[in-house]
Amino acid sequence: MDATVELLLDIQDKDVRISNLKRQIANVPAEKKAVADEITAAETKLEQARQQVLEVEKLIKTVEVDIQTANNKKIDLTRKSFEVKKNEEYKAILSEIATTEERISDLETDELEAMEKLDLAKAARIEAKKQ
């Protein structure tokens, strides 16, 4: 091949490379913004996941307090039942104890459901952290 043709091809390759580099440089701000937006979205998602975990943990603690309160009420009613003299009062206390036991059961079910939500929320938080 002719030396001039080789030089022209070499110059053409360099021009194409320069053009590609200029295009990449021009795209850098847009790519930088896209990455920054992606980071912001991931941080927002992580914060939402953290808040969800905190809310569910708070719910679990509230339910635990309610369960403890109901258990204390049941204990008090049981003690009171031993002191009652009239049959009607005793039946009323037994009915109230049964109602309290149902409430405790419902609260324990709520607690289990909240714990399942907590597991899901923690998994979502871990996933958001990975992102």
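Let me sum up the structure you'll find in this document. All values derive from a computational prediction rather than experimental measurement.

What follows concerns the environment of Leu 107. Along the chain, the position of Leu 107 falls in helix H2 (residues 87–130). Given a relative accessible area of 3%, Leu 107 falls into the buried group. Sequence-wise, Leu 107 and Ile 60 are 47 residues apart; in three dimensions their C-alpha atoms are separated by 9.9 Å. The residues contacting Leu 107, other than those within four sequence positions of it, are Val 63, Asp 66 and Ile 67.

For the pair helix H1 (residues 3–83) and H2, the least separation of the axes is 8 Å and the interaxial angle reads 165°. With respect to H2, the element H1 is oriented roughly antiparallel. H2 is crossed by H1, and the crossing has left-handed handedness. Looking at side-chain class alone, the contact of H1 with H2 contains 21 nonpolar, five polar and 17 charged residues.

Core analysis: the largest hydrophobic core is formed by six residues, namely Val 53, Val 56, Ile 60, Ala 114, Leu 118 and Ala 121. Of all the elements in the fold, those that place two or more residues in this core are H1 and H2. Apart from residues no more than four positions distant in its own chain, Leu 118 is found in contact with Val 53, Val 56, Glu 57 and Ile 60.

Close approach of charged atoms allows side chains with opposite charge to pair. Counted under the stated rule, the structure contains six salt bridges. Salt-bridge contacts for Lys 33 lead to Asp 37; the nearest nitrogen and oxygen are separated by 2.9 Å. Here Asp 37 and Lys 33 lie together in helix H1, a separation of four residues that amounts to about one turn. On the accessibility criterion, Asp 37 (40% relative accessible area) is partly exposed. One salt bridge in this structure joins Arg 79 and Asp 76, with 3.7 Å as the shortest N-O distance. Note that Arg 79 and Asp 76 are positioned in helix H1 at a spacing of three residues, about one turn of the helix.

What counts and how
- Per chain, residues are indexed from 1 in the order of the written sequence.
- Residue-level local features of this predicted model are given only where pLDDT is at least 70; pairs of side-chain atoms are given and counted only at 80 or more, and the full residue set underlies all totals for whole chains, interfaces and linings.
- Only hydrogens and water are set aside when side-chain values are computed; all heavy atoms of the structure are taken into account.
- Counting from the N terminus, the helices are DSSP H or I runs at least four residues long and the strands are E runs at least two residues long.
- Relative accessibility thresholds used throughout: buried, under 20% of the residue-type maximum; exposed, over 50%; partly exposed, between the two (1.4 Å probe, protein chains only).
- Throughout, a contact is declared for two residues whenever any of their heavy atoms are within 4.5 Å.
- Here the axes come from fitting lines to C-alpha atoms, over the contacting stretch only for helices, and the angles between their N-to-C directions go from 0 to 180 degrees.
- The cut-offs work like this: below 35 degrees is roughly parallel, past 145 is roughly antiparallel, 65 to 115 is roughly perpendicular, and the gaps in between are oblique.
- Handedness of a helix crossing follows the sense of rotation of the near helix relative to the far helix, less than a right angle counterclockwise being left-handed and clockwise being right-handed.
- Residues are grouped as follows: Ala, Val, Leu, Ile, Met, Phe, Trp, Tyr, Cys and Pro are nonpolar; Asp, Glu, Lys and Arg are charged; every other residue, Gly included, is polar.
- To form a nonpolar core, buried Ala, Val, Leu, Ile, Met, Phe, Trp, Tyr and Cys residues must be joined to one another through side-chain atoms within 4.5 Å.
- For this document, the term salt bridge refers to a Lys or Arg side-chain nitrogen within 4 Å of an Asp or Glu carboxyl oxygen.

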